[in-house]
Amino acid sequence: MDKALVGMCVNERRLVMIPPKLAYGSEGVAGVIPPNAVLHFDVLLIDLWNSEDEVQVQTYFKPEKCPRTVQVSDFVRYHYNGTFLDGTLFDSSHNRMRTYDTYVGIGWLIPGMDQGLLGMCVGEKRIITIPPFLAYGEEGDGKEIPGQASLVFDVVLLDLHNPKDGIAIENQYVPESCERRSQTGDFLRYHYNGTLLDGTLFDSSYSRNHTYDTYVGKGYVIAGMDEGLLGVCTGEKRRIIIPPHLGYGEEGRGKIPGSAVLVFDIHVIDFHNPSDSVSITVNYKPSNCTVLSKKGDYLKYHYNASLLDGTLLDSTHSLGKTYNIVLGSGQVVVGMDMGLQDMCVGERRTVVIPPHLGYGEDGVEGEVPGSAVLVFDIELLELVSGLPEGYMFVWNGEVSPNLFEEIDQNHDGEVLLEEFSEYIQAQVDSGKGKLAPGFDFEKIVKNMFTNQDRDGNGKVTAEEFKLKDQEAKEEHDEL
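Residues numbered from 1 in each chain as written. Predicted model: local features only at pLDDT ≥ 70, side-chain atom pairs only at ≥ 80, totals over all residues. Heavy atoms only, no water.

Under an unreviewed UniProt entry, the name given to the protein chain is peptidylprolyl isomerase, and the source organism is Calidris pygmaea. Under the Function (unreviewed entry) heading, UniProt states for the protein chain: "PPIases accelerate the folding of proteins during protein synthesis." Regarding the protein chain, the UniProt comment filed under Catalytic activity (unreviewed entry) reads as follows: "[protein]-peptidylproline (omega=180) = [protein]-peptidylproline (omega=0)". (UniProt positions renumbered as here; feature names shortened; annotations may be inferred.)

Shown next as structure tokens:
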């Protein structure tokens with residue numbers, strides 16, 4: 001038998017005939033083998049090893065890019081099929097649908113696996129053959145693995161990190177103009193694709209067609225993302241690689257397995273700080289710029305409205321008409337009211353409005369995203385000076401001492417809305433009076449009349465009737 005087994009391969013089968021002189025001779029084995037018996041053996045070799053053997057590693061796939069390999073004390077996640085040398089399967093992480101997660105090189109694994117995993121790249125596939133004295137030895141594992149068994153592991157490495165790792169940042173695109181970088185306390189809107197180290201996608205803001213919006217540096221996101229979002233520019237694209245102790249830890253979350261390294265490819269759409277005010281950049285100012293816009297003025301202007309990333313939202317040019325407002329009357333967002341102050345006709349400026357002075361967290365459905373910073377390129381085309389604050393009508397000359405009698409055309413001691421309206425219209429038409437520009441005539445007149453009609457009976461008497469400067473510190477929009 002010593003001679004017959006020499007040169008055999010694992011899984012080879014031989015029929016061996018041994019004459020008595022090379023077997024048990026003239027003595028035989030009492031009760032089993034008679035003297036001078038020729039022995040026939042049907043032999044199947046299932047395993048072989050030598051005390052000089054070492055771990056054998058055969059790599060059959062290796063990624064083109066291999067920025068990092070497994071080192072002692074790294075933590076790895078891998079899948080494997082475990083077989084004996086004859087191909088018999090004894091264990092598989094694939095069957096359990098869960099990776100094997102462990103530290104390498106510190107004794108958590110059998111010695112042969114500790115050696116066999118060293119130097120692997122994420123995505124690499126290798127076959128690791130381990131002799132029994134570097135595996136489970138003479139005793140086996142007491143379950144599936146017999147004593148003195150050589151083991152074969154077909155391994156694919158999915159993930160690796162070291163407990164000392166911090167986040168890693170790879171800049172993919174940084175705009176040439178980067179006037180401001182994100183800081184702790186800023187509010188960011190960004191898109192991302194989230195993958196595992198092996199490229200498995202677990203989440204994407206693009207698939208939801210909605211940015212992820214959050215404060216940074218305040219603990220609203222995982223620690224690694226909090227750190228990775230600092231120092232970015234609007235429009236910047238970067239890759240943030242986050243080890244599990246700065247991600248979702250040993251437990252994982254949802255589609256993210258425990259102890260997984262996370263890879264986020266992000267695109268920063270915009271950011272702002274809650275303390276931001278409106279930013280104004282004057283692009284052109286006429287040489288004659290003495291009349292400046294103020295609260296109450298009636299303005300006509302063109303604008304292009306966009307997001308910080310350049311996405312166009314709206315444009316008066318495409319509509320072919322100006323946008324017309326009374327400045328400071330609440331007809332536009334607060335930030336625009338601020339941005340249009342102190343402009344002269346012909347001036348062009350860029351106004352950047354943070355969301356708390358724009359459309360806020362909700363935005364405008366289908367038009368303006370929530371928490372979006374807005375950029376308006378404005379050209380002021382016309383300015384009609386408004387009235388002093390609190391006035392809806394002013395006289396251009398001296399006020400008649402018999403004003404009430406003039407308004408009371410039928411001299412019955414009472415002024416009705418129709419009489420009041422006709423009189424105001426006549427004063428405006430003749431140039432003796434001026435209404436606040438930009439408002440509906442009927443609404444202004446009705447408001448003025450209601451303020452004079454102090455008892456609310458639909459009539460104004462001489463006792464009720466007062467001019468603005470006759471009011472005793474009352475705030476009414478009157479004559």
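Asks: What should I look at first to understand the overall build of the protein chain in this one?
Replies: Helix and strand content of the protein chain: ten helices and 24 strands. Against the globule reference of 23 Å for 479 residues, the protein chain gives a C-alpha radius of gyration of 43 Å, more extended than a compact globule. Counting all 479 residues of the protein chain, 44% fall into the buried class. When the accessible area of the protein chain is evaluated, it comes to approximately 26300 Å², of which 49% is carbon and sulfur surface. The protein chain carries 40 positive and 73 negative side-chain charges, and their two centres are separated by 5 Å. (Helix = DSSP H or I, 4+ residues; strand = E, 2+ residues; numbered from the N terminus. Rg over C-alpha atoms; globule rule 2.2 N^0.38 Å. Buried < 20%, exposed > 50% of the residue type's maximum accessible area, 1.4 Å probe, protein only. Areas by Shrake-Rupley, 256 points an atom, 1.4 Å probe, with all protein chains shown as cover. Lys, Arg positive; Asp, Glu negative; His and termini not counted. Charge placed at Lys NZ, Arg CZ, Asp CG, Glu CD.)

Asks: In this structure, what is going on with the UniProt feature "domain: EF-hand" (unreviewed entry) in the protein chain? I would like to understand it.
Replies: As recorded in UniProt, the sites labelled "domain: EF-hand" (unreviewed entry) are residues 395–430 and 440–475. Along residues 395–430 one finds 53% helix and 8% strand; the C-alpha atoms at either end are 11 Å apart.

Asks: How do you make sense of the UniProt feature "domain: PPIase FKBP-type" (unreviewed entry) in the protein chain when you look at a structure like this?
Replies: In the UniProt entry, the feature "domain: PPIase FKBP-type" (unreviewed entry) is given for residues 1–49, 73–161, 185–272 and 296–384. Across residues 73–161, the secondary structure splits into 11% helix and 39% strand, with the terminal C-alpha atoms separated by 9 Å. Along residues 296–384, the helical share is 11% and the strand share 39%, with 9 Å between the first and last C-alpha atoms.

Asks: How should the packing of aromatic side chains be read in this particular structure?
Replies: The description of an aromatic ring pair rests on the distance of the ring centres and on the angle between the ring planes. On inspection of all chains with the given rule, the structure shows 24 aromatic pairs. Against the face of Phe61 rests Lys125, its NZ or CZ located 6.0 Å from the ring centre. (Phe/Tyr/Trp six-rings, centres within 6.5 Å; stacked < 30°, edge-to-face > 60°. Lys NZ or Arg CZ within 6 Å of the ring centre and 35° of its normal.)

Asks: Where do I start with the pattern of salt bridges in this structure?
Replies: Any two side chains of opposite charge can pair, so long as their charged atoms come close to each other. If you walk through the whole model with that rule in mind, you get 19 salt bridges. The closest approach of N and O atoms between Arg126 and Glu124, which form a salt bridge, is 3.0 Å. Taken individually, Arg126 and Glu124 each receive the classification buried, so the pair is uniform in this respect. Among the salt bridges present, the one from Asp297 reaches Lys294, with a minimum N-O distance of 3.0 Å. (Salt bridge = Lys/Arg side-chain N within 4 Å of Asp/Glu carboxyl O.)

Asks: What am I meant to see in the nonpolar core here?
Replies: Most often, soluble globular proteins have nonpolar side chains that are buried together. In terms of nonpolar packing, the biggest core is built from 25 residues, with Tyr78, Met113, Leu117, Leu151, Phe153 and Val155 touching the most fellow members. Looking at this core, the elements that each hand over two or more residues are strand 4 (75–84), strand 7 (125–130) and strand 8 (151–161). In terms of residue count, strand 8 provides more of this core than any other element does, five residues in total. Dropping the residues within four chain positions of it, Leu117 is found in contact with Val70, Val76, Tyr78, Val104, Leu109, Arg126, Ile128 and Val155. Counting 23 residues, the second largest nonpolar core, distinct from the first, contains Leu299, Leu327, Val333 and Leu357. (Core = buried A, V, L, I, M, F, W, Y, C linked by side-chain atoms within 4.5 Å. Contact = heavy atoms within 4.5 Å.)

Asks: I keep staring at the side chain of Arg238 and nothing clicks. Help me out?
Replies: With respect to the secondary-structure elements, Arg238 resides in strand 13 (residues 237–242). Classification of Arg238 by relative accessible area gives buried; the value is 5%. A polar atom in the side chain of Arg238 sits 3.4 Å from the backbone oxygen of Leu230. Once residues within four sequence positions are removed from consideration, Arg238 is found in contact with Ile169, Glu170, Asn171, Gln172, Gly228, Leu230, Gly231, Val232, Phe264, Asp265 and Ile266. (Polar contact = N/O pair within 3.5 Å; in protein donor to acceptor, adjacent residues only side chain to side chain.)

Asks: What exactly am I supposed to notice about helix 10 (residues 441–452) here?
Replies: Because the α-helix completes a turn every 3.6 residues, residues three or four places apart line up on one side. Here helix 10 spans 17 Å end to end across twelve residues, near enough to the 16 Å set by a 1.5 Å rise per residue. Those residues of helix 10 that fall on the buried side of the exposure criterion are Ile444, Val445, Met448, Phe449, Asn451 and Gln452. For helix 10, the arc enclosing every buried residue in end-on projection is 160°, short of the 170-degree limit, so these residues lie on one face. Opposite the packed face of helix 10, turned more than 90 degrees from it, sit the exposed residues Glu442, Lys443 and Lys446. By the N-cap criterion, in which a side-chain oxygen at the helix start approaches the backbone nitrogen of a residue two or three places on, helix 10 is capped by Asp440, the distance to Glu442 being 3.3 Å. (Expected span 1.5 Å × (residues − 1). Arc of directions from axis to C-beta.)

Asks: Would you take a moment to explain the pairing of strand 16 (residues 298–307) for this structure?
Replies: Regular strands have side chains that alternate between both faces of the sheet. For strand 16, a buried count of eight out of ten residues is recorded, marking the element as mostly surrounded by other parts of the structure. Relative to strand 18 (residues 323–326), strand 16 runs antiparallel, the two sharing four bridges. Along strand 18, the bridge assignment pairs Leu299 with Ile325. By the bridge criterion, ten bridges tie strand 16 to strand 20 (residues 374–384) in an arrangement that is antiparallel. Within the sheet, the bridge partner assigned to Tyr303 lies in strand 20 and is Ile378. The loop that links strand 16 with its antiparallel partner strand 17 (residues 312–315) comprises four residues; one of these, Gly310, has a positive phi angle of about 95°. (Pairing = 2+ DSSP bridges.)

Asks: Would you explain a nonpolar patch on the surface in this entry?
Replies: A contiguous nonpolar patch, built from Val72, Ile106, Trp108 and Leu118 and spanning about 390 Å² of accessible area, is present on the exposed surface. As for its position among the elements, Val72 is in the loop between strand 3 (56–61) and strand 4. (Patch = residues over 30% accessible without salt bridge, like charges linked within 9 Å, V, L, I, M, F, W, Y side chains within 5 Å.)

Asks: What's the story with the confidence of the model for the protein chain in this structure? I'm lost.
Replies: Low-pLDDT stretches of the model should not have their predicted coordinates read in fine detail. For the protein chain, per-residue confidence averages 93 on the pLDDT scale, and 97% of positions sit at 70 or higher. Per-residue pLDDT stays below 50 along residues 475–479; that stretch engages in 30 contacts with residues further than four places along the chain or on separate chains. (pLDDT = per-residue confidence, 0-100.)

Asks: Got a minute to help me understand the packing of helix 9 (residues 417–430) against helix 10 in this structure?
Replies: For any two helices packed against each other, one specifies the inter-axial angle together with the distance between the axes. Running from amino to carboxyl end, helix 9 crosses helix 10 at an angle of 120°, the nearest separation of the two axes being 10 Å. Between helix 9 and helix 10, the interaxial angle falls into the category oblique. Once helix 9 is placed against helix 10, the crossing between them reads as right-handed. Within the contact between the two elements, helix 9 uses Leu417, Phe420, Ser421, Ile424 and Gln425 and helix 10 uses Phe441, Val445, Lys446, Met448 and Phe449. (Axes fitted to C-alpha atoms, helices over the stretch in contact; angles between N-to-C directions. Parallel < 35°, antiparallel > 145°, perpendicular 65-115°, else oblique. Left-handed = near helix turned anticlockwise from the far one by under 90°.)

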